[in-house]
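Architecture and fold: a report
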Amino acid sequence: MGSSDFSWTLPDHPKLPKGKPVAVVVLDGWGEADADQYNCIHVAETPTMDSLKKGAPEKWKLVKAHGTAVGLPSDDDMGNSEVGHNALGAGRIFAQGAKLVDTALASGKIFEGEGFKYIKESFDQGTLHLIGLLSDGGVHSRLDQLQLLLNGASANGAKKIRVHILTDGRDVLDGTSVGFVETLENDLSQLRAKGIDACIASGGGRMYVTMDRYENDWDVVKRGWDAQVLGEAPHKFQNAVEAVKTLRSETKANDQYLPPFVIVDDSDKAVGPIVDGDAVVTFNFRADRMVMIAKALEYEDFDKFDRVRVPKIRYAGMLQYDGELKLPSHYLVSPPEIERTSGEYLVKNGIRTFACSETVKFGHVTFFWNGNRSGYFDETKEEYVEIPSDSGITFNVKPKMKALEIAEKARDAILSGKFDQVRVNLPNGDMVGHTGDIEATVVACKAADEAVKMILDAIEQVGGIYLVTADHGNAEDMVKRNKSGQPQLDKKGEIQILTSHTLQPVPVAIGGPGLHSGVRFRNDVQTPGLANVAATVMNLHGFEAPADYEPTLIEVVDK
Ligand SMILES: O=C(O)[C@@H](CO)OP(=O)(O)O
Ligand SMILES: [Mn+2]
Ligand SMILES: [Mn+2]
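Reading the values: the criteria
- Residues numbered from 1 in each chain as written.
- Chains lettered and ligands numbered in written order.
- Predicted model: local features only at pLDDT ≥ 70, side-chain atom pairs only at ≥ 80, totals over all residues.
- Heavy atoms only, no water.
- Helix = DSSP H or I, 4+ residues; strand = E, 2+ residues; numbered from the N terminus.
- Rg over C-alpha atoms; globule rule 2.2 N^0.38 Å.
- Buried < 20%, exposed > 50% of the residue type's maximum accessible area, 1.4 Å probe, protein only.
- Contact = heavy atoms within 4.5 Å.
- Donors = N, O, S within 2.8 Å, 3.2 Å for Na, K, Ca; no water.
- Phe/Tyr/Trp six-rings, centres within 6.5 Å; stacked < 30°, edge-to-face > 60°.
- Lys NZ or Arg CZ within 6 Å of the ring centre and 35° of its normal.
- UniProt positions renumbered as here; feature names shortened; annotations may be inferred.

1. Some thoughts on the overall build of the protein chain
Secondary structure summary: the protein chain contains 17 helices and 17 strands in total. Expected size for 559 residues packed as a compact globule is a radius of gyration near 24 Å; at 24 Å, the protein chain falls within 12% of this value. Counting every position in the protein chain, which comprises 559 residues, the buried fraction comes to 60%. The long-range share in the protein chain, meaning contacts at least 24 apart out of those at least 6 apart in sequence, stands at 80%.

What follows is the structure, given as structure tokens:
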């Protein structure tokens, strides 16, 4: 779009009025799947969401929330919060981190870029440290990308490499960490055969070590810092496979929550602390769970925990994780340039916006929604409210989470008359779904449904409009299935609990007393997906969407 013909002013919608308060509700991890005992949404009492479904096909429809519809490399990729909320907020499909890194690795351009050149300067004297999530989940990172990075770094002069692994069990089945570590060990031994001093230096489970987000619990990052930088951890092993196996069986922790460990040599000395002159790459492409460690590695002024020793390093992220903070300042691959998001347009067109969730999802309806940017577009028109999440627990212990509190804030914001858009994320289906606890996930789904009801009741009172949707599936399917859709049994004949997201479509429902009576879902939108929601929401506010946005899901017929 040429700068001369660009305007932030949105055209008026020819038929839809302005001034109706609009509630935008995102149920995290709430897909649509066949009804059976592993579909927690089906098992749970969810009268509100059930009643919305009765509006199909005019007021309720399914849209794609995974794969290429949200900018992921292939349709085998499950959806996730980052790409889901990016698409919901931006109204267009951007090639996402996973894809951009694939492309940069395939062409080799990654090794010619500014970020790589920067870290490469340390290769002569220093060690290259790679920190990130070890799995093929494709949500935050991918093993094959790590493998290409290891090979490329070696070919480009890295002589000493230390990998600091974070075990997954959240985007992949629990227990698969052992196999991933074995694969990595094998790769590293091949590098050693070529004369490169490469090994695993530390590890821990992603939810307990390093990968916290939105500053929910800095202790998580500190545990990682101690192991990765200081070489200190409560558990010491000489071998990473043994570490993971032993910690799983002795501490009963699952992959997500493995305690931190360091790998030591014969004299009990950590093999890979990070020291002056080293290079560090965090190899996750996804932003939210890398921002905190990036701050710890990059910021001179830092008071979130005592870093004890702050090595002088060259640090690069796989991507730049925060476009507003420009964090980190060096990165191997440029992030997607998600600009002109619907949030920015609407605020610039006078839409007073309220956004709320609890900490673990707060950035989803702010940071991700706004194209990976923290902060307000216009403080005078926006209010973002974060409700503190419980920390230090797994959410199956408190599956209702803060759904009620989020709904109360949304209700109050709607009733206050101070806002045109009230946007929330309800985390329950996703956060509890990830624990693999089916009973708790049923409780979680019921709580989310009750929260939706409270918000819709408020919309009813003020004569407003609602749009209820989800960012990807999770709670609707809690078991690994074979190709014919039946639960897949393991060697012992037991079902395998699915802790990850799914490939399922998600619902979009519209309604409320303020909705023009002629509005209905179109049936001529080719493969509708999450990116079609932004134009739809703009219409509900009485505007036409920009021409390059994915088409709206609605039309207005004369009645
Ligand atoms: O917890 C997370 O980081 C991901 C799963 O890896 O979930 P979501 O995309 O829903 O945030
Ligand atoms: Mn999500
Ligand atoms: Mn999730």
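2. Examining the coordination of the manganese ion (ligand 2)
At the metal site, the manganese ion (ligand 2) is ligated by Asp28 (OD), Ser81 (OG), Asp471 (OD) and His472 (NE2), and these contacts range over 1.9 to 2.1 Å. Each donor residue of the manganese ion (ligand 2) lies on the same chain, and together they follow the pattern D-x52-S-x389-D-H. The metal-metal distance between the manganese ion (ligand 2) and the manganese ion (ligand 3) comes to 4.3 Å. Of this pair, Asp28 sits in the loop between strand 1 (22–27) and helix 1 (40–43) while Asp471 sits in the loop between strand 14 (465–470) and strand 15 (506–511), placing them 443 residues apart in sequence. The pair formed by Asp28 and Asp471 is uniform in burial state, with each residue classed as buried.

3. A short note on the packing of aromatic side chains
Summed over all chains, the structure comprises 13 aromatic pairs. Ring centres 5.2 Å apart and planes at 80 degrees place the aromatic pair Phe6 and Trp8 in the edge-to-face group. Of the residues examined, Trp8 reaches a relative accessible area of 25% and is grouped as partly exposed. Ring geometry for Phe354 against Phe419: centres 5.2 Å apart, planes inclined by 55 degrees, an arrangement best described as tilted. Note that Phe354 is positioned in strand 11 (residues 353–358) and Phe419 in the loop between helix 14 (403–416) and strand 13 (421–426), a separation of 65 residues in sequence. Of the residues examined, Phe354 reaches a relative accessible area of 4% and is grouped as buried. When the ring centre of Phe543 is taken as reference, the NZ or CZ atom of Lys18 above it lies at 4.6 Å.

4. Description of the UniProt feature "active site" (unreviewed entry) in the protein chain
Sites flagged by UniProt as "active site" (unreviewed entry) map to Ser81. Judged by its relative accessible area of 1%, Ser81 is buried. With sequence-adjacent residues up to four places away left out, Ser81 is seen in contact with Asp28, Asn86, Arg286, Lys361, His364, Phe368, Asp471, His472 and His501.

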